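Survey of secondary and tertiary structure
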Amino acid sequence: MTTNDTLTSLNEMTNKTAERMTSLGELNVRAFEKLSARQMDAMSLYMDHAMRVMKLATESKGYNEFFKGQVEAAKELSERILAEGKTGMQVVSEVRDEYRTWFEKNLADLNADLRKAVPTA
């Protein structure tokens, strides 16, 4: 392998590595967007619950009505949070699969590039 061939191979590998890092950065951004959207949805559930309890506190005619309303609101919140947790786990699983796919593809590409660059003995 000549010096020009070596430099050409090195240049190609550097360019491909930069492309891989760019694609990893894009994958990171997509994952962050998905996960932060789930977090915002969860926070929205808590805010809705707080507003409901505050409204219940101002509109209840007595302690028993307020207590029953709190129990119902807490039950509904726990059910919604459980559903949100399941959705969040699905999103995390999708993100994991995307990372695994990215890693396997890029590892295979890197192995192929190295096999081409290293002459067989």
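What counts and how
Residues numbered from 1 in each chain as written. Predicted model: local features only at pLDDT ≥ 70, side-chain atom pairs only at ≥ 80, totals over all residues. Heavy atoms only, no water. Helix = DSSP H or I, 4+ residues; strand = E, 2+ residues; numbered from the N terminus. Rg over C-alpha atoms; globule rule 2.2 N^0.38 Å. Contact = heavy atoms within 4.5 Å. Lys, Arg positive; Asp, Glu negative; His and termini not counted. Charge placed at Lys NZ, Arg CZ, Asp CG, Glu CD. Salt bridge = Lys/Arg side-chain N within 4 Å of Asp/Glu carboxyl O. Buried < 20%, exposed > 50% of the residue type's maximum accessible area, 1.4 Å probe, protein only. Expected span 1.5 Å × (residues − 1).

**Some details on the overall build of the chain**
Scanning the chain from N- to C-terminus turns up two helices and zero strands. Taken against the 2.2 N^0.38 rule, which gives 14 Å for 121 residues, the C-alpha radius of gyration of the chain at 27 Å runs more than 25% over that of a compact globule. With the C-alpha coordinates of the chain rotated into their principal frame, the extents come out at 90 × 20 × 10 Å. Restricting the contact set of the chain to residue pairs at least 6 apart, pairs at least 24 apart contribute 77%. Across the chain, the mean location of the 17 positive side-chain charges is 4 Å away from that of the 19 negative side-chain charges.

**Focus: the pattern of salt bridges**
Charged atoms that come close allow side chains of opposite charge to pair. Counting across every chain of the model gives 11 salt bridges. The salt bridge involving E98 is made with K34; its shortest N-O contact spans 2.7 Å. Here the residue E98 occupies a position in helix α2 (residues 63–117), and K34 occupies one in helix α1 (residues 3–59), the gap between them amounting to 64 residues. Of the charged contacts, one joins R52 and E76 as a salt bridge, the two residues approaching to 2.6 Å between their closest N and O atoms. Of the two residues, R52 sits in helix α1 while E76 sits in helix α2, which places them 24 residues apart along the sequence. Taking relative accessible area as the criterion, R52 reaches 31% and is therefore assigned partly exposed. Residues joined by salt bridges that share partners form a network here, namely D48, R52, E76 and R80.

**Here we look at the environment of D97**
Within the secondary structure layout, D97 lies in helix α2. Sequence-wise, D97 and A57 are 40 residues apart; in three dimensions their C-alpha atoms are separated by 46 Å.

**Here's the deal with α1**
Along its 57 residues, α1 runs 83 Å from first to last C-alpha, staying within 8% of the 84 Å computed at 1.5 Å per residue. Three or more residues of α1 are buried, namely S9, R20, L27, A31, A42, L45, H49, V53 and L56. Against the buried residues of α1 lie α2.

**A short note on the environment of N11**
Here N11 is to be found in helix α1. Taking the C-alpha atoms as reference points, N11 and R96, separated by 85 residues in sequence, lie 31 Å from one another.

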